[in-house]
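Structural description and commentary
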Amino acid sequence: MSLSIRIMDDIKTAMKAKDTVALESLRAVKSAILLAQTESGAKEELSEAEEIKILQKLVKQRKDSAAIYTEQGRADLAEPELAQLAVIEKFLPAQMSAAEVETAVRAIIAENGFSGMAVMGQVMGLASKQLAGQADGKTISDVVKKALSS
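Positions within a chain are numbered from 1, following the residues in the order the chain's sequence is written. Two thresholds apply to this predicted model, a pLDDT of at least 70 for residue-level local features and 80 or more for giving and counting side-chain atom pairs, whereas whole-chain, interface and lining totals are computed over all residues. Hydrogens and waters are ignored; side-chain quantities use all the structure's heavy atoms.

Now for the packing of helix α2 (residues 20-39) against helix α4 (residues 75-89). In this description, a line fitted to the C-alpha atoms serves as the axis of each element, helices being fitted only across the stretch in contact, and the angle between N-to-C directions of two axes falls anywhere from 0 to 180 degrees. Each helix is a run of H or I in the DSSP string that is no shorter than four residues. Each strand is a run of E no shorter than two, and both are numbered from the N terminus. It is the contact of α2 with α4, at a shortest axis distance of 9 Å, that shows an interaxial angle of 60 degrees. Between α2 and α4, the angle is such that the two are oblique. α4 is crossed by α2, and the crossing has right-handed handedness. Contacts between α2 and α4 pair Val21, Ala22, Glu24, Ser25, Leu26 and Val29 from the former with Ala83, Gln84, Val87 and Ile88 from the latter. Throughout, the ten residues Ala, Val, Leu, Ile, Met, Phe, Trp, Tyr, Cys and Pro are labelled nonpolar, Asp, Glu, Lys and Arg are labelled charged, and all others, Gly among them, are labelled polar. Among the residues making up the contact of α2 with α4, the classes are represented as seven nonpolar, two polar and one charged. Reported orientations rely on four angle classes, namely roughly parallel under 35 degrees, roughly antiparallel over 145, roughly perpendicular from 65 to 115, and oblique for the rest. The crossing is said to be left-handed when, going from far helix to near helix, the turn is anticlockwise and less than a right angle, and right-handed when the turn is clockwise. What makes two residues a contact is simply this: any of their non-hydrogen atoms within 4.5 Å.

As structure tokens, this is what we get:
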């Protein structure tokens, strides 16, 4: 079942349950998907990879907003962001732990014989492609820096 259909089903469920947080989150996801479809100029379905990128972008926005609100002592604004984050994360594939990401990055480095910080861009490209949807870019970047500097 495509993400669009799952989102529509969950919107209906949230409306029936009068769950405003879930409804707001799901509408944001639906809106982002529709925007991405119209940007490409065609009404074709998005690929699963594109859908995951959209979801990751929405999750990152919520995390960043919640962090800013928390820094400013505005827990009242951070809580809804975190609640929406939890709803959106349900649609993402299971995220890898830092240890799993490190194992994958070290395997990429070993397979290609990379060493030194000069090849960080190449390692990031391969790691990002291989771990797409399973780990966020910041985690991958931190692990790559650590692996190449040691």
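Let us look at α4. In this scheme, a helix's expected span is set at 1.5 Å multiplied by one less than its residue total. A rise of 1.5 Å per residue sets the reference length of α4, with its 15 residues, at 21 Å; its end C-alpha atoms lie 21 Å apart and thus fit the reference within 8%. Three labels apply to residues, based on accessible area from a 1.4 Å probe with only protein chains included: buried if under 20% of the type maximum, exposed if over 50%, partly exposed otherwise in between. Along α4, the residues that are buried comprise Ala78, Glu81, Gln84, Leu85, Val87 and Ile88. On the buried face of α4, the contacting elements are α2 and α3 (48-71).

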